Amino acid sequence: MNIIPKLKKIITADNTETFLNETVGESYHSQTGAVEEALKKYAIPCRIREKAKTGKVKILDVCFGLGYNSAMAISEALAENPHCEIEVVGLEFDPEIITKIQEINPPIPFYGDYKKLTPETLRFQKEKVQVKVLLGDARETVKDLSEDAFDAIFFDPFSPKTAPEMWREEFFREMFRVLKRDGILATYSCARIVRENMSKAGLLYDDGPIVGRRGPGTIATKWVF
Ligand SMILES: C[S@@+](CC[C@H](N)C(=O)[O-])C[C@H]1O[C@@H](n2cnc3c(N)ncnc32)[C@H](O)[C@@H]1O
């Protein structure tokens, strides 16, 4: 029997919307601020503005959900360099959450364009920005991606307690494979097991920013820089 997720819209502390997945028992963003999280836990630690200055940025949005993290990164990159070429690949297995993009209006400049995404239309191009979502289990779809391809990886599964399969060494090995030599992975979790599995996969980690919760996030790279 398929369990149909019950998605309930909620407002987070920065007054921006997200959904609570009542089947999983978790929300899609931090209750301390959904849009704040996209900027401060992902775009800033992955140095998106700095990378945009080079003229080309490629982003992997793991567990795409409503797409806040990559939509924010595109907005930041274009604010820094309006001529930047940007490619986003999103990995998501639940078509239901993609339909919810139509029901929300976060204050993310590029988000209006994300409304072109539906479970039937999983890609669009606007000038030099390309967005594509690969629907399926990220642990499988990632295998189709080229190595050394991404400047930034936004790693945003449900929590290690709820979705331990997403935080294992094997999946982090794939993250290592697809990350560029000078690329940066960011995630909200600082759990010991997460960091141990990153290390086993060859990633070097450090504290990410502390945003609205007690612990820091984690940033990871392939090499010291
Ligand atoms: C914390 S939410 C991500 C929120 C998202 N980054 C956003 O900005 O809305 C976790 C997401 O992981 C997705 N997910 C869970 N297991 C997955 C899997 N094996 N492969 C791909 N996506 C998965 C869920 O459907 C959910 O959308």
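Structure's up top.
Remarks on the overall build of the chain
Then step 1. In terms of helices and strands, the chain carries eight helices and 11 strands.
Then step 2. In summary, the chain has a C-alpha radius of gyration of 16 Å against a globular reference of 17 Å for 225 residues, a match within 12%.
Then step 3. If one aligns the C-alpha atoms of the chain with their principal axes, the spans along those axes are about 40 × 40 × 35 Å.
Then step 4. Here the chain holds 225 residues, and the buried ones make up 52% of them.
Then step 5. Once local pairs closer than 6 in sequence are excluded, the contacts in the chain between residues at least 24 apart make up 66%.
Then step 6. Approximately 10,800 Å² of the chain is accessible, and the part contributed by carbon and sulfur atoms is 50%.
Then step 7. Separation of charge centres in the chain, based on 32 positive and 34 negative side chains, amounts to 2 Å.

So, the pattern of salt bridges
Then step 1. Throughout the structure, instances matching the rule amount to 19 salt bridges.
Then step 2. Two residues, Lys 41 and Glu 37, come together in a salt bridge whose shortest N-O distance is 3.2 Å. In this pair, Lys 41 and Glu 37 are both assigned in helix α1 (residues 34–43), four residues apart and thus about one turn of the helix distant. The same class applies to Lys 41 as to Glu 37, namely buried.
Then step 3. Note that Lys 116 is salt-bridged to Asp 113, the shortest N-O span being 2.7 Å.
Then step 4. The network of salt bridges with shared partners includes Arg 49, Glu 76 and Glu 80.

Description of the environment of Ile 108
Then step 1. Mapped onto the elements, Ile 108 comes out in the loop between α4 (95–99) and α5 (111–114).
Then step 2. Considering only alpha carbons, one finds Ile 108 and Ala 71, 37 residues apart in sequence, at a separation of 6.9 Å.
Then step 3. Beyond its immediate stretch of four places on either side in the chain, Ile 108 contacts Val 35, Tyr 68, Ala 71, Met 72 and Ser 75.

Brief notes about the pairing of strand β9 (residues 179–187)
Every other side chain in a regular strand lies on the same face of the sheet, so the side chains alternate between the two faces.
Then step 1. Across five bridges, the pairing between strand β8 (residues 150–155) and β9 is parallel. If you follow Phe 154 over to β9, its bridge partner there is Ala 186.
Then step 2. In this region the chain leaves β8, passes through helix α7 (residues 169–178) and returns to the parallel neighbour β9; the handedness of that crossover is right-handed.
Then step 3. For β9 and strand β11 (residues 218–221), the ladder comprises three bridges, and the chain directions are antiparallel. When the sheet's bridge partners are listed, Thr 187 is paired in β11 with Thr 218.

Digging into the site of the ligand
Then step 1. Around the ligand sit 20 residues, and of these His 29, Leu 66, Glu 92, Ala 138 and Asp 156 come closest.
Then step 2. Glu 92 has a polar side-chain atom sitting 2.6 Å from an oxygen atom of the ligand.
Then step 3. Between the ligand and Asp 156, the relevant distance is 2.7 Å, taken from a nitrogen atom to a side-chain nitrogen or oxygen of the residue.
Then step 4. For the shell around the ligand, the per-class residue count stands at 11 nonpolar, five polar and four charged.

Here we look at the sheet that holds strand β3 (residues 26–27)
Then step 1. Read across the open sheet, the three strands follow the order β1-β2-β3; overall the sheet is antiparallel. Each edge of the sheet is formed by a strand with only one pairing partner; in this case those strands are β1 (7–11) and β3.
Then step 2. Sheet topology places β1 next to strand β2 (residues 17–21); five bridges connect them, and they run antiparallel. Paired with Ile 11 across the two strands is Glu 17, which belongs to β2.

Definitions and cut-offs
All residue numbers here refer to positions counted from 1 along the written sequence of the relevant chain. The predicted nature of this model means local features are confined to residues of pLDDT at least 70 and side-chain atom pairs, given and counted, to a pLDDT of 80 or more, with totals for whole chains, interfaces and linings taken over all residues. Hydrogen atoms and water are omitted, and side-chain values are computed over all heavy atoms in the structure. We count a stretch as a helix when DSSP gives it H or I for four or more residues in a row; a strand needs E for two or more, and each element gets its number in order from the N terminus. Atoms counted for the radius of gyration: C-alpha only. Globule rule: 2.2 Å times the number of residues to the power 0.38. Exposed residues in this analysis have more than 50% of their type's maximum accessible area, buried residues have under 20%, and partly exposed residues fall in between, with area computed by a 1.4 Å probe over protein chains only. In this analysis, two residues are considered to be in contact whenever any of their non-hydrogen atoms come within 4.5 Å of each other. For the accessible areas, the method is Shrake-Rupley and the probe is 1.4 Å, while residue cover comes only from the protein chains on display. By the counting rule applied here, Lys and Arg register as positive and Asp and Glu as negative, while His and the ends of each chain are not counted. Charged groups are reduced to one reference atom each: NZ for lysine, CZ for arginine, CG for aspartic acid, CD for glutamic acid. Salt bridges are counted wherever a side-chain nitrogen of Lys or Arg sits within 4 Å of a carboxyl oxygen of Asp or Glu. By the convention used here, strands pair only if DSSP detects at least 2 bridges between them. With its strands directed away from the observer, a crossover is right-handed exactly when the path from the first strand over the helix to the second travels clockwise. One heavy atom within 4 Å of a molecule or strand is enough for the residue carrying it to be called near that molecule or strand. A 3.5 Å cut-off defines polar contacts: any pair of N or O atoms within that distance qualifies, except that in protein one atom must be a possible hydrogen donor and the other a possible acceptor, and neighbouring residues in sequence count only when both atoms are side-chain atoms. Gly counts as polar in this scheme, as do all residues outside two lists: the nonpolar Ala, Val, Leu, Ile, Met, Phe, Trp, Tyr, Cys and Pro, and the charged Asp, Glu, Lys and Arg.

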